[in-house]
Amino acid sequence: MTSNNFHCDCNALNEELVKNTIKAMPDNHTFEALANFYKIIGNDTRCKIIYSLSLNEMCVCDLSNVLSMTKSSISHQLSKMREAGVVKCRRNGKEVYYSLDDEHISSIFAISLTHINHKE
């Protein structure tokens, strides 16, 4: 192996570890999607929506009352979250009810809350 293959200022290099990590590394598209996912949930209003929806399926009117925000503001956030696959909706007559897209969202959010509460 030449010194051009790996760069490190330390004296010890675990070549097998480096090769295995490079081999296991997801492609750039995956990391971009992951970063975009965290951007979507990385907003305090959207976090409040996620928390609310982790407890119950809710319509925009209910969410607007829980968060003391306009229905328009809530709808705007839900639209972004729906496009990102964080929430889903179902229609019941004229009402549209929102819930988390799947259990992964609930799990990620619960683990994140546990981490935050553990650090405080």
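As the structure is a computational prediction, the values presented were derived from the model and not from experiment.

Considerations on the nonpolar core
In terms of nonpolar packing, the biggest core is built from 20 residues, with I49, I50, L53, L78, V86 and V87 touching the most fellow members. Those elements that provide at least two residues to this core are α2 (28-41), α3 (44-55), α4 (60-67), α5 (71-83), β3 (95-100) and α6 (103-119). Those residues in contact with I49 that sit more than four places away from it in its chain are L63, L67, I74, Q77, L78 and M81.

Things to note about the environment of I105
Along the polypeptide, I105 turns up in helix α6. It is 27 Å that separates the C-alpha atoms of I105 and G93, two residues lying 12 residues apart in sequence. If we skip the residues at most four places from it in the chain, I105 touches F37, I50, G85, V86 and L100.

Focus on a nonpolar patch on the surface
Together, M25, F31, L34 and Y38 give the surface a local cluster of nonpolar side chains, amounting to about 390 Å² of exposed area. Among the structural elements, Y38 can be located in helix α2. Look at Y38 and you get partly exposed, because its relative accessible area is 46%.

Structural notes on the pairing of β3
Sheet analysis places strand β1 (residues 58-59) next to β3, joined by 2 bridges and oriented antiparallel. Across the sheet, residue M58 finds its bridge partner in β3, namely Y98. The antiparallel pairing of strand β2 (residues 87-92) with β3 creates a hairpin that spans 2 residues between the two strands, and G93 there sits at a positive phi of about 70 degrees.

Re the side chain of R46
Within the secondary structure, R46 sits in helix α3. Of the side chains with opposite charge, D44 lies nearest to the buried R46, which makes no salt bridge, at 8.1 Å. Looking at R46, its side chain comes within polar contact range of the main-chain oxygen of I40, at 2.5 Å. Discounting residues that sit within four places of it in the chain, R46 has contacts with K39, I40, Q77, K80 and M81.

Quick word on the state of the cysteines
Counted by the stated rule, this structure contains 0 disulfides. No disulfide involves C89; its nearest neighbouring cysteine sulfur is the one of C59, lying 12 Å away. Given the relative accessible area of 28%, C89 is considered partly exposed.

What to know about the pairing of β2
In the sheet, β2 pairs with β3 via 6 bridges, with the strands oriented antiparallel. In the sheet register, V87 faces β3, and the bridge partner there is L100.

A short note on the sheet that holds β2
A sheet is described by the order of its strands in space; here 3 strands give the open sequence β1-β3-β2, paired in antiparallel fashion. Sheet topology places β1 and β2 at the edges, where each strand pairs with a single neighbour. Contacts from α3 reach β1, β2 and β3 within the one sheet, and its direction differs from that of β3 by about 95 degrees.

Some words on the packing of aromatic side chains
Tallying each qualifying case throughout the model produces 2 aromatic pairs. Consider the rings of F37 and Y38, whose centres lie 5.4 Å apart with planes at 70 degrees: the pair is edge-to-face. Seen in terms of ring centroids, Y51 and F109 are 6.5 Å apart; in terms of plane orientation they differ by 50 degrees. Their pairing is tilted. On the criterion of sequence distance, the pair formed by Y51 in helix α3 and F109 in helix α6 is long-range, its members being 58 residues apart. Judged by relative accessible area, which is 13%, F109 ranks as buried.

Rules used throughout
- Residues numbered from 1 in each chain as written.
- Predicted model: local features only at pLDDT ≥ 70, side-chain atom pairs only at ≥ 80, totals over all residues.
- Heavy atoms only, no water.
- Core = buried A, V, L, I, M, F, W, Y, C linked by side-chain atoms within 4.5 Å.
- Buried < 20%, exposed > 50% of the residue type's maximum accessible area, 1.4 Å probe, protein only.
- Helix = DSSP H or I, 4+ residues; strand = E, 2+ residues; numbered from the N terminus.
- Contact = heavy atoms within 4.5 Å.
- Patch = residues over 30% accessible without salt bridge, like charges linked within 9 Å, V, L, I, M, F, W, Y side chains within 5 Å.
- Areas by Shrake-Rupley, 256 points an atom, 1.4 Å probe, with all protein chains shown as cover.
- Salt bridge = Lys/Arg side-chain N within 4 Å of Asp/Glu carboxyl O.
- Pairing = 2+ DSSP bridges.
- Lys, Arg positive; Asp, Glu negative; His and termini not counted.
- Polar contact = N/O pair within 3.5 Å; in protein donor to acceptor, adjacent residues only side chain to side chain.
- Disulfide = S-S within 2.5 Å.
- Axes fitted to C-alpha atoms, helices over the stretch in contact; angles between N-to-C directions.
- Phe/Tyr/Trp six-rings, centres within 6.5 Å; stacked < 30°, edge-to-face > 60°.

Geometry only, nothing functional implied.
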